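Listed here are the chains, written in short residue letters.
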Amino acid sequence: MAEITASMVKELREKTDAPMMECKKALTEAAGDMDKAEEILRVKLGNKATKAASRVAAEGVVAINISADGKLGSILEINSETDFVAKNDDFLKLAADCAGLVAAKNPADVAVLSALPLGDGTVESTRTALVGKIGENMSLRRFARVEAKGKLASYIHGGSKIGVLIDLVGGDEQLAKDLAMHIAASKPKSLDSTGVPAELLDTERRIAIEKAREAGKPEAMLEKIAEGTVQKYLKDVTLLGQVFVKAEDGKQTVEQLLKAKSALVASFNLFVVGEGIEKKVADFAAEVAAQAAAAAGNR
């Protein structure tokens, strides 16, 4: 019997997107013949999974799971290729099930989550089977699990395209909901200035100095101007520094609101579907022309 190596399993998995154990079984059944093993997997899982594996999945949903007492929760992003599939009941169930597993099992990363039991198999086998059934790539992208210092609240916006999980200490349910909505709308990068990467501040400082220099400002004033720009930037990108979206006077910051309510935000997680994923923009005219040219060449 041919030896089935890890590299063979890896190669077949990359070609088919099938679970590793399924790849190993298929290779064993095919006596190491890669093409035959791929055919075996296509029979079991459908050839749609193979074609879908390489396509960009930048749509999808955010799913949130919170315990009844509000002390434990999770937020998860799962991606699909199209918004149509993101509304599919099976896809939404997979998202909800995975968010529940994150809360219950505390997996270290997506790979560990994918290996957890789900239904008659694992999260990965369930995902792969759904890819084969629907014919569209889908992937678990990221998640976070929170053990609350206060009480958790959430907000989902835009057909589950934006999700917020917030841990509020003190205050009340309405305040938590309002803050979660504020985060979804204003998209802060961090809770306060300590969470903003130094490289972002350095970039803002350099840009401010160059702008001031081009405007003819004296060299002695450049550092002061840059510092003012950085402080304004921090107010814009930190939750505590932002003006509360529902502030009646249009001036009250989130930090001031929290002080008035004797509350504090221990943490928050904001997931925006597809954020940072490079989406492929289809050129329909070019695609039709390419297909026509290929057809002409085959005559």
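Residues numbered from 1 in each chain as written. Predicted model: local features only at pLDDT ≥ 70, side-chain atom pairs only at ≥ 80, totals over all residues. Heavy atoms only, no water.

Peer 1: Sorry if this is basic, but what is going on with the overall build of the protein chain here?
Peer 2: What the protein chain contains, in helices and strands, is 13 helices and eight strands. For the protein chain, buried positions account for 39% of its 299 residues. Across the protein chain, every contact between residues at least 6 apart in sequence was considered, and the portion connecting residues at least 24 apart equals 64%. Accessible area for the protein chain stands at about 16800 Å²; split by element, carbon and sulfur atoms hold 53% of it. (Helix = DSSP H or I, 4+ residues; strand = E, 2+ residues; numbered from the N terminus. Buried < 20%, exposed > 50% of the residue type's maximum accessible area, 1.4 Å probe, protein only. Contact = heavy atoms within 4.5 Å. Areas by Shrake-Rupley, 256 points an atom, 1.4 Å probe, with all protein chains shown as cover.)

Peer 1: I tried to follow the sheet that holds strand β2 (residues 72-80) on my own but got confused; where do I start?
Peer 2: Within a beta sheet, neighbouring strands are joined by backbone hydrogen bonds and run either parallel or antiparallel to one another. If you walk across this open sheet you meet the three strands as β1-β2-β5, and the pairing is antiparallel. The open sheet is flanked by β1 (59-66) and β5 (138-147), the only strands paired with a single partner. Neighbour-to-neighbour, the strand axes of this sheet turn through a mean angle of 15°, independent of strand direction. In this sheet, β5 lies alongside β2 in antiparallel orientation, the contact comprising nine bridges. Looking at β5, one finds that Ile78 is bridged to Leu140. Along the sheet, helix α6 (residues 89-105) contacts β1, β2 and β5; its crossing angle with β2, the most-contacted strand, is approximately 145°. (Pairing = 2+ DSSP bridges. Axes fitted to C-alpha atoms, helices over the stretch in contact; angles between N-to-C directions.)

Peer 1: Looking at this structure, I do not really get unusual backbone geometry. What am I missing?
Peer 2: Outside of glycine, negative phi angles account for most residues, and trans bonds account for most peptide bonds. Positive phi, normally seen in glycine, also occurs at Ala31, with a value near 55°. For Ala31, the position within the fold is in the loop between α2 (20-29) and α3 (34-45). When its relative accessible area of 48% is taken as the criterion, Ala31 is described as partly exposed. Residue Ser160 is not a glycine yet carries a positive backbone phi of 70°. The topology assignment puts Ser160 in the loop between β6 (151-157) and β7 (162-169).

Peer 1: Looking at this model, I keep getting lost on the pattern of salt bridges. Mind explaining?
Peer 2: A side chain with one charge can pair with a side chain of the opposite charge if their charged atoms come near. Considering all chains together, one arrives at 16 salt bridges under this definition. Taking the shortest distance from any N to any O, the salt bridge between Arg142 and Glu275 comes out at 3.9 Å. Taken together, the positions of Arg142 in strand β5 and Glu275 in the loop between β8 (264-272) and α13 (284-297) put the pair 133 residues apart, joining distant regions of the chain. Judged by its relative accessible area of 43%, Glu275 is partly exposed. With a shortest N-O distance of 3.4 Å, Glu227 and Arg205 are connected by a salt bridge. With a gap of 22 residues between them, Glu227 in helix α11 (residues 219-237) and Arg205 in helix α10 (residues 198-214) connect regions that are remote in the sequence. Several salt bridges share partner residues, and in doing so they unite Glu59, Asp83, Lys87 and Lys161 into one network. (Salt bridge = Lys/Arg side-chain N within 4 Å of Asp/Glu carboxyl O.)

Peer 1: Which parts of the structure should I look at to understand the nonpolar core?
Peer 2: One recurring pattern in soluble globular proteins is that nonpolar side chains are buried together. Counting 24 residues, the largest nonpolar core has Ile166, Leu168, Leu179 and Leu258 as its most contacted members. For this core, the secondary structure elements donating two or more residues are β6, β7, α9 (173-186), α12 (254-260) and β8. If sequence neighbours within four positions are ignored, Ile166 has contacts with Lys151, Leu152, Ala153, Ala176, Leu179, Ala180, Ile183, Val265, Ser267 and Phe268. Membership of the second largest hydrophobic core comes to 22 residues, among which are Phe91, Ala95, Leu101 and Val123. (Core = buried A, V, L, I, M, F, W, Y, C linked by side-chain atoms within 4.5 Å.)

Peer 1: What exactly am I supposed to notice about α6 here?
Peer 2: Residues spaced three or four apart along an α-helix face the same direction, because each turn holds 3.6 residues. Its 17 residues give α6 an end-to-end C-alpha distance of 24 Å, which sits within 8% of 24 Å, the value for a rise of 1.5 Å per residue. Listed as buried for α6 are Phe91, Leu94, Ala95, Cys98, Ala99, Leu101, Val102 and Ala103. With a side-chain oxygen positioned 2.8 Å from the backbone nitrogen of Asp90, the residue opening α6 is Asn88. Trailing α6 by a residue or two, Asn106 shows a phi angle of about 50°, which is positive. (Expected span 1.5 Å × (residues − 1). Polar contact = N/O pair within 3.5 Å; in protein donor to acceptor, adjacent residues only side chain to side chain.)

Peer 1: Sorry, what's going on with the pairing of β1 here?
Peer 2: Every regular strand shows the same layout, with side chains that alternate between the two sheet faces. Two strands pair when backbone bridges link them, and β1 and β2 are joined in this way by eight bridges, in the antiparallel orientation. Counted as the bridge partner of Val62 is Glu77 from β2. The turn joining β1 and β2, which pair antiparallel and follow one another in sequence, is formed by five residues; a positive phi near 75° is taken by Gly70.

Peer 1: Explain helix α1 (residues 6-16) to me, please; I cannot follow it from the model alone.
Peer 2: Restricting attention to buried positions, one finds in α1 the residues Met8, Val9, Leu12 and Thr16. Take α1 and look down its axis: the buried residues cluster within an arc of 100°, on one side only. Across from the buried face of α1, at angles greater than 90 degrees, the exposed residues are Ala6, Ser7, Lys10 and Glu14. (Arc of directions from axis to C-beta.)

Worth remembering: the numbers are spatial, not functional.
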